[in-house]
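One letter stands for each residue in the lines below.
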Amino acid sequence: MLRRDSFDFTRIAAPWNLRFASVVPAGIARCGSADDVRTALLWAEANNVPLAIRSGGHSYAGFSTTAGLLIDVSPMSHVAFDGESGRARLGGGARNTDVHATFARLGRSITHGRCQGVGVAGLVLGGGVGFSQRLRGLTCDRLIETEIVTASGELLRCSAEENADLFWACRGGGGGNFGVNTSFTFDTFPVGVVTVFRLVWTSRLSDVLPALLDHLPAMPDRFGCKFLVDAGQAERLELLGQFVGTEGEVTALLAPLLRSARPAQQDMRTLPYWDAQDFLSEDDTPEYVHERSRYLYRIASAEGARTILDYLRRFPGTHAGANWKVFLAGGAVAKVAPDATAFVHRQALMLSSIELNWTADDDAATLARNESWLAEFHAAMQPHASAECYQNFIDPAETNYLRAYYGTNLERLVEIKRRYDPRNVFRFAQSIPLSL
Ligand SMILES: Cc1cc2nc3c(=O)[nH]c(=O)nc-3n(C[C@H](O)[C@H](O)[C@H](O)COP(=O)(O)OP(=O)(O)OC[C@H]3O[C@@H](n4cnc5c(N)ncnc54)[C@H](O)[C@@H]3O)c2cc1C
């Protein structure tokens, strides 16, 4: 147990989103095993101390911070691979970086994100979006088994055969709701050579953006991408992606887009999968951020594209900027029924999100102006997108959040919550409640 005066406490206590860094735990239980987790949970309940669970610490809403006991599972970061079955067992505190380090040697993967510090626990429990999702499914789609310590201190194994209802909930029901997951077993897939690309447009975005929105959903499942449009007066759109195939095929697939306007920069490389992930990976430096997402179920109209560009141009401005981005969905994600796992947004074509960043140099008035802009922009997107939001882009400002994250799976999640956490030990501002 670390107390506030312990060595390294400040570093370990700090969340990724600096917006919540002022919430400092009274103590941190550094858990290296399911037994440690059980001891910490039972101690917190016996002493009536609030708790939060942390793996990678990347919750956008600071839901892995608490003024009480922080149950930190990051010491459980082992990854063990079984060559015969192709399955990998990861500790509940493994991060994307541990996946990268182990799987790069093995020529295997799971669907993972771009940011090295994100915890596999948070990622898989909320679904898990990555460049391989259209070919291989979400991170949660290849989960075979997970072990979880419940509020009573019991260690449960969950799979299609054992505690199947809790296993269902652990694939999209969101982190922190049912217990502390101490391991995850995945069915991995082999990886070879892929083509990765980054294209940047700095003009004619009113042509490029609708063309991308129209064109991308028809891409083959081997094509995964995200694109991002910067807020502000200077036009900038970046398309970043991965294709299981050749540069020639990517160029042919992108040809209609390139006809609408030529990019100012174009970088395309064919690389072994794990070298390609270095090209795609994103900076992990902690930030002040507010992220607000919406799923798109139909191709956003030309009017939708105008709304997006209009809001981006009217960005009030901070020291760190803002953007609107899209992750292409569909493919293998959509082949699973919305009620087959707790992840409900199966039929969406794309996941869109507005990201507002700032720094400690932005004063309260600047922040208030920018938050109003973000709220208006988010509301204006609803007619062009949907009321559904990604539970892993968890958003403290979302009002109808339970329905937005879980849709028609909400009632079943509430039933499962009552069964496994009847005293509501695992609660935070947007946790699944015991009743609706
Ligand atoms: C820079 C950045 C990049 C991202 N990129 C992607 C991406 O590419 N794809 C994507 O899908 N998402 C992405 N996300 C979102 C990410 O999936 C979520 O923020 C996720 O919840 C982070 O998990 P974590 O373990 O790092 O965070 P934490 O803050 O540790 O945990 C997130 C939630 O899960 C709970 N939790 C953590 N560990 C456990 C556990 N072992 N058992 C039970 N509950 C637990 C926490 O209490 C908290 O409520 C990104 C986020 C950031 C900040």
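Basis of the calculations
Counting of residues starts from 1 at the beginning of each chain's written sequence and follows it residue by residue. Owing to the predicted nature of the model, reporting of local features is limited to residues with pLDDT of at least 70; listing and counting of side-chain atom pairs is limited to 80 or more, with chain, interface and lining totals taken over all residues. Processing note: side-chain calculations cover all non-hydrogen atoms of the structure and skip hydrogens and water entirely. Only protein atoms enter the 1 Å grid, on which a cavity is a set of points fitting a 1.4 Å probe that cannot get out and a pocket is an open set with protein on both sides within 12 Å along at least 5 of 7 lines, lining residues being those with an atom within 4 Å of a point. Grid points are joined across faces, edges and corners, and a volume is the space filled by probe spheres set on the points. When residues are grouped by polarity, Ala, Val, Leu, Ile, Met, Phe, Trp, Tyr, Cys and Pro land in nonpolar, Asp, Glu, Lys and Arg in charged, and all others, Gly among them, in polar. What counts as a ring pair is set by centres within 6.5 Å for rings of Phe, Tyr and Trp (its six-membered ring), and what kind of pair is set by the plane angle: stacked under 30 degrees, edge-to-face over 60, tilted for all other angles. Throughout this description, buried means an accessible area under 20% of the type-specific maximum (1.4 Å probe, protein chains only), exposed means over 50%, and partly exposed covers the range between. Should the NZ of a Lys or the CZ of an Arg lie within 6 Å of a ring centre and within 35 degrees of the ring normal, that charge is described as sitting over the ring. Definition used for salt bridges: Asp or Glu carboxyl oxygen within 4 Å of a side-chain nitrogen of Lys or Arg. For the purposes of this entry, the term helix denotes a DSSP run of H or I that reaches at least four residues, the term strand denotes a run of E that reaches at least two, and both are numbered from the N terminus. All the domain ranges listed were derived from an automatic or database domain assignment. Whether two residues are in contact is decided by their heavy atoms, any of which lying within 4.5 Å being enough. Summed over both partners, the accessible area (1.4 Å probe) lost when two parts come together is defined as the buried area. In protein, a polar contact means a hydrogen-donor-capable atom and an acceptor-capable atom, both N or O and within 3.5 Å, with residues adjacent in sequence counting only if both atoms are side-chain atoms; elsewhere, any N or O pair within 3.5 Å suffices. Strand pairing is assigned whenever DSSP detects at least two bridges linking the two strands. A fitted line through C-alpha atoms serves as each axis, taken over the contacting stretch for helices, and the angle formed by two N-to-C directions is quoted from 0 to 180°. If an angle is under 35 degrees, it is roughly parallel; if it is over 145, roughly antiparallel; if it lies from 65 to 115, roughly perpendicular; otherwise it is oblique. Two helices cross in a left-handed way if the nearer one is turned anticlockwise from the farther one by less than a right angle. They cross in a right-handed way if the turn is clockwise.

Here we look at the layout of surface pockets
A volume near 270 Å³ is recorded for the second largest pocket. As for the second largest pocket, its lining consists of 16 residues, of which Arg-11, Ile-12, Ala-14, Gly-56 and Arg-95 are closest to the centre. A class-by-class count of the residues in the lining of the second largest pocket yields five nonpolar, five polar and six charged.

Points about the packing of aromatic side chains
Per the counting criterion, the structure on display carries 18 aromatic pairs. Ring geometry for Tyr-390 versus Phe-393: centroids 4.9 Å apart, planes at 65°, classification edge-to-face. You'll find Tyr-390 and Phe-393 in the same group, each marked buried. Members of the aromatic cluster, joined through ring pairs, are Trp-16, Tyr-60, Tyr-295, Phe-327, Phe-343, Tyr-390 and Phe-393. Note that Arg-198 overlies the ring of Phe-279, its terminal NZ or CZ placed 4.9 Å from the centroid. Directly above the ring of Trp-168 sits Arg-412, whose terminal nitrogen or CZ lies 4.0 Å from the centroid.

What to know about the pattern of salt bridges
Any two side chains of opposite charge can pair, on the condition that their charged atoms come close. Enumeration according to the criterion identifies 26 salt bridges in this entry. Taking the shortest distance from any N to any O, the salt bridge between Arg-38 and Asp-35 comes out at 2.4 Å. In this pair, Arg-38 and Asp-35 are both assigned in helix H2 (residues 34–46), three residues apart and thus about one turn of the helix distant. The exposure class assigned to Arg-38 is partly exposed, which follows from its relative accessible area of 27%. Here Asp-35 falls in the partly exposed class, since its relative accessible area comes to 46%. One salt bridge in this structure joins Asp-165 and Arg-419, with 2.1 Å as the shortest N-O distance. Placement of Asp-165 in helix H6 (residues 164–169) and of Arg-419 in helix H13 (residues 410–420) is noted, with a sequence separation of 254 residues between them. On the accessibility criterion, Asp-165 (16% relative accessible area) is buried. One salt-bridge network, in which partners are shared between bridges, spans Arg-198, Asp-230, Arg-236 and Glu-238.

Describing the domain arrangement of the chain
Parsing the chain into structural domains produces domain 1 (2–72), domain 2 (79–190 + 409–420) and domain 3 (193–384). Using C-alpha coordinates to define each centre, domain 1 is positioned 33 Å away from domain 3. Counting residues at the interface gives six residues for domain 1, matched by 10 residues for domain 3. Both sides of the domain 1 and domain 3 interface together cover about 780 Å² of buried area, and 58% of this is carbon and sulfur. For the domain 1 face of the interface with domain 3, the top three residues by lost area are Trp-16, Leu-18 and Arg-19, together amounting to 70%. For the pair domain 1 and domain 3, the interface holds zero salt bridges. Viewed at the interface, domain 3 and domain 1 are joined by six residue pairs in polar contact (both at pLDDT 80 or more).

Some details on the sheet that holds strand E4 (residues 69–72)
The strand order E1-E2-E4-E3 describes an open sheet built from four strands, whose pairing is mixed. Each having just a single partner strand, strand E1 (2–3) and strand E3 (51–54) make up the two edges of the open sheet. Pairing of E3 with E4 involves four bridges; the strand directions are parallel. Across the sheet, the residue bridging to Arg-54 is Asp-72, located in E4. Running at roughly 165° to E4, H2 makes contact with strand E2 (27–30), E3 and E4 of the sheet.

Comments concerning the sheet that holds strand E9 (residues 155–159)
Backbone-to-backbone hydrogen bonds pair the strands of a sheet. The strands run either parallel or antiparallel. A sheet is described by the order of its strands in space; here five strands give the open sequence E5-E6-E10-E8-E9, paired in antiparallel fashion. Because the sheet does not close on itself, it has two edges, and the strands there are strand E5 (79–82) and E9. Looking at each pair of strands side by side, their axes are set apart by 15° on average, direction ignored. For strand E8 (residues 143–149) and strand E10 (residues 180–187), the ladder comprises six bridges, and the chain directions are antiparallel. Residue pairing for E10: Ile-148 is matched across the bridge by Asn-181.

Considerations on the packing of helix H7 (residues 205–215) against helix H8 (residues 247–260)
Two elements in contact, H7 and H8, have axes whose closest approach is 9 Å; the angle formed by their N-to-C orientations is 155°. In terms of their interaxial angle, H7 and H8 are classed as roughly antiparallel. Handedness of the H7/H8 crossing: right-handed. When H7 is examined against H8, the residues Asp-207, Val-208, Ala-211, Leu-212 and His-215 are found in contact with a partner set consisting of Leu-253, Pro-256, Leu-257 and Ser-260. Class assignment for the residues of the contact of H7 with H8 results in six nonpolar, two polar and one charged.

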